[in-house]
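# Structural characterization, general
For reference, the chains in residue letters:
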Amino acid sequence: MIEIDPIAGLAVRARAACLDLARLTEVPGEITRTFLSPPTRDVTAYLSAWAAELGLSVRVDAAGNLRARREGPSPDAPTLYLGSHVDTVPNAGAFDGVLGVTLAFAVAAALRDTPLPFALELLAFSEEEGVRFGVPFIGSRALTGTLEPLLTLEDARGVSVRGALEAYGLDPAELPGARVGGPSVGFLEFHIEQGPVLQAAGASVGVVSAIAGQDRLLLDFVGQASHAGTTPMAHRRDALAAAARFAVAAEDLARSVPGLVATVGVMTARPGAINVIPGEAHCTLDIRHEHDPVRAGALDTLLADARRFAGERGVTLTVTHKMAQPAVPMAPAFRGGLRRAASQVGQLAPDLVSGAGHDAMILADVMPAAMLFLRSPNALSHHPDEMAEPADVEAALRVGVAFVQDLAARGGR
Ligand SMILES: [Zn+2]
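Residues numbered from 1 in each chain as written. Predicted model: local features only at pLDDT ≥ 70, side-chain atom pairs only at ≥ 80, totals over all residues. Heavy atoms only, no water.

## Considering the overall build of the protein
The secondary structure content of the protein amounts to 11 helices and 16 strands. The C-alpha atoms of the protein give 24 Å as radius of gyration, which agrees with the globular expectation for 413 residues (22 Å, within 12%). On the principal axes, the C-alpha backbone points of the protein span a range of 85 × 45 × 40 Å. Burial status across the protein gives 52% buried among its 413 residues. The long-range fraction of contacts in the protein, counting pairs at least 24 apart against all pairs at least 6 apart in sequence, stands at 78%. Carbon together with sulfur atoms contributes 55% to the accessible area of the protein, which is approximately 17,500 Å² in total. (Helix = DSSP H or I, 4+ residues; strand = E, 2+ residues; numbered from the N terminus. Rg over C-alpha atoms; globule rule 2.2 N^0.38 Å. Buried < 20%, exposed > 50% of the residue type's maximum accessible area, 1.4 Å probe, protein only. Contact = heavy atoms within 4.5 Å. Areas by Shrake-Rupley, 256 points an atom, 1.4 Å probe, with all protein chains shown as cover.)

## Some points on the UniProt feature "domain: Peptidase M20 dimerisation" (unreviewed entry) in the protein
If you check UniProt for "domain: Peptidase M20 dimerisation" (unreviewed entry), the listed places come out as residues 219-293 in our numbering. Helix makes up 27% of residues 219-293 and strand 33%, whereas the separation of the span's terminal C-alpha atoms amounts to 22 Å. (UniProt positions renumbered as here; feature names shortened; annotations may be inferred.)

## Observations regarding helix H9 (residues 332-344)
Helical geometry note: an α-helix holds 3.6 residues per turn, so side chains three or four residues apart project in the same direction. Between its terminal C-alpha atoms H9 stretches 18 Å, which fits the 18 Å expected from 13 residues at 1.5 Å a residue. Turning to H9, the residues buried within the fold contact strand E3 (79-85), strand E5 (184-192), strand E6 (205-211), strand E15 (351-354), strand E16 (369-374) and helix H11 (390-409). With its phi angle positive at about 75 degrees, Gly346 sits one or two positions after the end of H9. (Expected span 1.5 Å × (residues − 1).)

## A short note on the coordination of the zinc ion
Bound to the zinc ion on the protein side are His85 (NE2), Asp96 (OD) and His191 (NE2), at distances that span 2.0 to 2.2 Å. In primary-sequence terms, the residues that donate to the zinc ion follow H-x10-D-x94-H. Pair noted here: His85 is in strand E3 and His191 is in strand E5, with a separation of 106 residues, a long-range link. (Donors = N, O, S within 2.8 Å, 3.2 Å for Na, K, Ca; no water.)

## Some details on the domain arrangement of the protein
For the protein, the domain assignment lists domain 1 (6-211 + 328-409) and domain 2 (213-325). Between domain 1 and domain 2, the residue contacts involve 8 residues of the former and 4 residues of the latter. Counting the surface lost from both domain 1 and domain 2, the interface buries some 400 Å², and carbon and sulfur atoms represent 47% of this. Summed over the shared surface of domain 1 and domain 2, the number is 0 salt bridges. (Domains from an automatic or database assignment. Buried area = accessible area lost by both parts, 1.4 Å probe. Salt bridge = Lys/Arg side-chain N within 4 Å of Asp/Glu carboxyl O.)

## Regarding the pairing of strand E7 (residues 213-222)
Relative to strand E12 (residues 280-289), E7 runs antiparallel, the two sharing 10 bridges. The residue of E12 that forms the bridge with Val222 is Glu280. Pairing between E7 and strand E13 (residues 316-325): 9 bridges, direction antiparallel. What sits directly across from Asp220, in E13, is Thr318. (Pairing = 2+ DSSP bridges.)

## Details of the pattern of salt bridges
Within this structure, the stated rule accounts for 24 salt bridges. Across the pair Arg270 and Glu280 runs a salt bridge, and its minimum N-O distance is 3.4 Å. Taken together, the positions of Arg270 in strand E10 (residues 267-270) and Glu280 in strand E12 put the pair 10 residues apart, joining distant regions of the chain. On the basis of relative accessibility, which here comes to 27%, the residue Glu280 falls in the partly exposed class. Among the ionic contacts, a cluster of salt bridges with common partners joins Asp61, Arg67, Arg69, Glu71 and Glu121.

## Some thoughts on the packing of helix H1 (residues 6-22) against helix H3 (residues 98-110)
Here H1 crosses H3 at 145 degrees, and the two axes come no closer than 9 Å. For the element pair H1 and H3, the recorded crossing hand is right-handed. Two secondary-structure elements touch here, H1 through Leu10, Ala14, Ala17, Cys18 and Leu21 and H3 through Val98, Leu99, Thr102, Leu103, Ala106, Ala109 and Ala110. Here the residues of the contact of H1 with H3 sort into 11 nonpolar, 1 polar and no charged. (Axes fitted to C-alpha atoms, helices over the stretch in contact; angles between N-to-C directions. Left-handed = near helix turned anticlockwise from the far one by under 90°. Nonpolar A, V, L, I, M, F, W, Y, C, P; charged D, E, K, R; others polar.)

## Topic: H1
End to end, H1 covers 24 Å across 17 residues, agreeing with the expected 24 Å (1.5 Å per residue, within 8%). Residues of H1 that are buried include every one of Ile7, Ala8, Leu10, Ala11, Ala14, Arg15, Ala17, Cys18, Leu21 and Ala22, and no others. Elements in contact with the buried residues of H1: helix H2 (39-53), H3 and H11. If you check the start of H1, you find a side-chain oxygen 2.9 Å away from the backbone N of Ile7, and it comes from Asp5. (Polar contact = N/O pair within 3.5 Å; in protein donor to acceptor, adjacent residues only side chain to side chain.)

## A short note on the nonpolar core
Ranked by size, the top nonpolar core spans 66 residues in total, and within it Leu47, Leu80, Leu99, Leu103, Phe105 and Leu397 carry the most contacts. When residues in this core are grouped by element, the largest group, 11 residues, is from H11. Non-local contacts of Leu103, meaning those with residues more than four positions away in its chain, are made with Ala14, Phe190, Leu374, Val393, Ala396 and Leu397. (Core = buried A, V, L, I, M, F, W, Y, C linked by side-chain atoms within 4.5 Å.)

## A look at the side chain of Asp61
Structurally, Asp61 can be placed in the loop between strand E1 (57-60) and strand E2 (66-70). Among the residues examined, Asp61 registers a relative accessible area of 2% and is labelled buried. In terms of polar contacts, Asp61 uses its side chain to reach the backbone amide nitrogen of Ala63, at 2.9 Å. Each residue touching Asp61, except ones within four places of it in the same chain, is listed here: Arg67, Leu143, Leu170 and Ala178.

## Quick word on the packing of aromatic side chains
The final tally for this structure, using the stated rule, is 5 aromatic pairs. Aromatic pair Trp50 and Phe105: ring centres 5.2 Å apart, planes at 35 degrees, arrangement tilted. Within this pair, whereas Trp50 is found in helix H2, its partner Phe105 is found in helix H3, the two being separated by 55 residues in sequence. In this pair, the class of Trp50 matches that of Phe105, namely buried. Between Phe334 and Phe403 the ring centres are 5.1 Å apart and the planes differ by 75 degrees, which places this aromatic pair in the edge-to-face class. A residue pair is termed long-range when its members are at least 10 positions apart, and Phe334 in helix H9 and Phe403 in helix H11 qualify at 69 residues. A relative accessible area of 1% means that Phe403 is categorised as buried. Just above the ring of Tyr168 sits the side chain of Arg41; from NZ or CZ to the centre is 3.9 Å. (Phe/Tyr/Trp six-rings, centres within 6.5 Å; stacked < 30°, edge-to-face > 60°. Lys NZ or Arg CZ within 6 Å of the ring centre and 35° of its normal.)

This is the structure in C-alpha cells:
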C-alpha cells in the first residue's frame, strides 16, 4: 500500500483550486474579477462547497466577504483568522490573493481532526485591489469598522459602494455585523511575494517583517517657455531640467539607502515641442521604506534637492502631498512563530519587507497580523503569466500548519 502524505495532497488541491477559480472571470479569455462582479457569486459557491466538505459554517458578510468558521472549544474562545482576497486586477494572474484563500482552506483541512484551543475563521475578502472604486481594502475594512466612510465613493459608472452592495443583494445597514467581534488570536495571510527577493535567496517562503510605509507626492515645476534657439543657457528657466534632476536624485538616493525605493512614475512637460524650452514640468514621487524615520529623512533630502534644482534655474516649485501611509510592522510573536514553524519543517524563511499593501495591514489595526510570502518566479505578478511553484505552495502549507499547531500548543499566544 502506498502512503500518501495528506499535506502534499492538500497543497496540490490548494494550487489546483486557484486554477479552478481563475476560470471565474467577468472577461472571457482573461482573469478579471473586480469587486462584486457576477463571477464573485461563483467564487462564493466554490469556496462554500469546500467549506461544507470541511464541516465549516459559512456566511457572506455585508461587504461580500466569505467567512467560513470552525467554532472553538468554548463560546468565549478567541478566533484565529486566515485568508486573503478573491478580487483581481484586470487581466490578472491566478495566484495573487486567491492562493492565500485556498491555502487557508488547506490549513483548515489539514487540521480538521486536530483539537485547537481557538476558533478558526477563513476569510475570502471581496475587494483588495482598489480597481473598481480607486480605493483598496474594501473587504478587510469591513472587519475593522472603517468601511462606512467609503460608502459614498463612486465607480466609473457613477455607482456608489453602497449602491454596489445593494445591487448585489447585500445590506449596508448590516455592516456592523461584519466587524471582528470577540477576542482574536490574530490574522495570518499567505501571499505571493510579487517581487524577486525570495527567488534570489533561493527560498520557497519568507516571513514579512513589515509592510512598507509610503508617501505619494506631486511636484509642479514652473519656469518660462521660450525659444530653444535664441535663449542662451544662462537665461533659461527650464522646468523640465529641474524635474529631470529631481528624478535622477531620487534614484541615486534610493540606491544608496538600504531598503529604500523611490520612483518618479509620471513626468510631463509643457508646452512639449522640440524647439521650445519647457516652461512647466509635472512629476510624481512614490517613496517607500520599512522604517518611517528613514522614509521621512529621505523625503526631506529629496524635497530640499528639488527646491535647489528649481532655485538654480529660476523655477518655482509647488509640492502636493497626496498620501502618507505609515509602515505597518508585523506582529513579533507571529513572526517568531512563523520562523519556528519554518525551521521545524526544514524551510529557510528569510525576513523580507512587503513593498505593497495587503489586507494584513488593515487587520493589524485590531489584532496581531503576519504574512508568509511565497516565491514569485521571475517576480511576475498582476500579469497572466504569474506563477506559484507546486513545491513552494507545499512548503507554505507545511509552515502554515506547523505555525497553527505551535500556536495551539502555546494556547494561542
Ligand atoms: Zn494581493
